[in-house]
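One-letter residues, chain by chain:
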Amino acid sequence: MANVFDVLKERGFIAQCTDEEGVREMLDKECVTFYVGFDPTADSLHVGHFLGLMAMSHMQRGGHRPVCLVGGGTGTVGDPSGRTDMRRMLTDEDIEHNCSCFKKQIARFIDFSEDKALMVNNGDWLRKLNYIELLREVGAHFTVNRMLAAEAYKSRWEKGLTFLEFNYMVMQAYDFMELHRRHDCKLQMGGDDQWSNIIAGVELIRRKEAKPAYGLTFTLLTKSDGQKMGKTAGGALWLDAEKTPPYDFYQYWRNIDDADVEKCLALLTFLPMEEVRRLGARRDAAINEAKTVLAYEVTKLVHGEAAAKKAKAGAEAMFGGAGASADIPTFTLMPEDMGKKLIDILTKHGIFPSKSEGRRLIAQGGVTLNDVKVRDADYCLCDEDFTDGAALVKKGKKKHYRLMKA
């Protein structure tokens, strides 16, 4: 069996590693307990978390033990990484509810039977800490100038970094040390925006425990243009079927840019890499087969096979059957229309009599794009909204329109 480190590397997961050879050797020789953290900032995981869950699943399949850490403690502070403003402060009730939702979703990807994985909450130890004892035990091992050099903090200079958020790195490092002590956890994994926080934990364990510890980050899920994936006309792409229905979820992957297909097949499915490369090599109209496979496989992993089959059938009916009828009014869009506000395009073609009327209909939930309710009146049309060059708009209950790329 191939070393799971090499599997992750071949599939494009690994961004940075504190000691590549050391981690590869460790994963070869023993069952390694590793952890990934999930802060409960919402009541559902989103597509960014999905990539981390896939990495954890590969690790577990390779014979290693995941620790899924939900942030009942760190969630009270909020991670400043990747943020230009402070996160909304959550109540204890919000945090408890969100952690409970996370546990149900994570269990679909990770096998917790027979101690094959652990689900822990850092609130169990962080909420009991004595502040002075924490300063004495941990504070001396952090230098302020080193912390301020971290990208997570540098990006906050303009709007201000609160002392509350400044403590986040210390808390996450403490988590790693606590998991090391309790469960012999030797490896922390996370998104590449967590690199500074992970390094802090690795160094704290080495200084306090005089034992080796390692960190590994996986690539962030971005489009070929560098923008984060997961933004739709209906908002974020959630893993909860109530927040993002399986059909909407399926359509998102069916409509991604051609340049992103092979990467997403490698990262977000378990298809063999030979098949990933074969599908990713498709060009022009043939790439649509690869997109259909991607959409089906990803939806099956997140929502189950029955939901994936239903979503696929619905998409084929919408775009290949009645939904593509010649009776539907069709408007041709020029390349320069991509990136413009949907409301502007629909008003220009007379679908809305005025922008104000369009905003009113959107606010009332009366406009859908590809059967997904448009929530944002300022939503901008993009390439991902088109399947085989077509996008379908529904106004009210009966009026359908088709937008076609030139």
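Structure's up top.
Residues numbered from 1 in each chain as written. Predicted model: local features only at pLDDT ≥ 70, side-chain atom pairs only at ≥ 80, totals over all residues. Heavy atoms only, no water.

Draft legend 1. Fine view of the overall build of the protein. When helices and strands are tallied, the protein shows 18 helices and 13 strands. Taking 22 Å as the expected radius of gyration for a compact globule of 406 residues, we find that the protein reaches 23 Å, a close match to that expectation. With respect to the principal axes defined by its C-alpha atoms, the protein has extents near 75 × 50 × 35 Å. Within the protein, buried positions represent 51% of all 406 residues. Of all intrachain contacts in the protein linking residues separated by at least 6 positions in sequence, the fraction that spans at least 24 positions is 74%. Total accessible area computed for the protein in this model is approximately 18,800 Å², and 50% of it derives from carbon and sulfur atoms. Distance between charge centres in the protein, computed from 57 positive and 59 negative side chains, equals 4 Å. (Helix = DSSP H or I, 4+ residues; strand = E, 2+ residues; numbered from the N terminus. Rg over C-alpha atoms; globule rule 2.2 N^0.38 Å. Buried < 20%, exposed > 50% of the residue type's maximum accessible area, 1.4 Å probe, protein only. Contact = heavy atoms within 4.5 Å. Areas by Shrake-Rupley, 256 points an atom, 1.4 Å probe, with all protein chains shown as cover. Lys, Arg positive; Asp, Glu negative; His and termini not counted. Charge placed at Lys NZ, Arg CZ, Asp CG, Glu CD.)

Draft legend 2. Inspection of the packing of helix H13 (residues 261-268) against helix H14 (residues 273-280) at higher detail. Remark: H13 packs on H14, axes separated minimally by 8 Å, with the N-to-C direction vectors making an angle of 160°. It follows from the interaxial angle that H13 and H14 lie roughly antiparallel. In this structure, H13 meets H14 at a crossing whose hand is right-handed. Side by side, H13 and H14 meet where Glu262, Leu265 and Ala266 of the first sit next to Met273, Val276, Arg277, Leu279 and Gly280 of the second. (Axes fitted to C-alpha atoms, helices over the stretch in contact; angles between N-to-C directions. Parallel < 35°, antiparallel > 145°, perpendicular 65-115°, else oblique. Left-handed = near helix turned anticlockwise from the far one by under 90°.)

Draft legend 3. Highlighting unusual backbone geometry. Here the phi dihedral of aspartate 184 falls at roughly 55°; this positive angle occurs in a residue that is not glycine. Locating aspartate 184 in the fold gives a position in the loop between helix H10 (168-183) and strand E5 (187-191). Since its relative accessible area comes to 42%, aspartate 184 is described here as partly exposed. One non-glycine residue, alanine 210, adopts positive backbone phi at about 55°.

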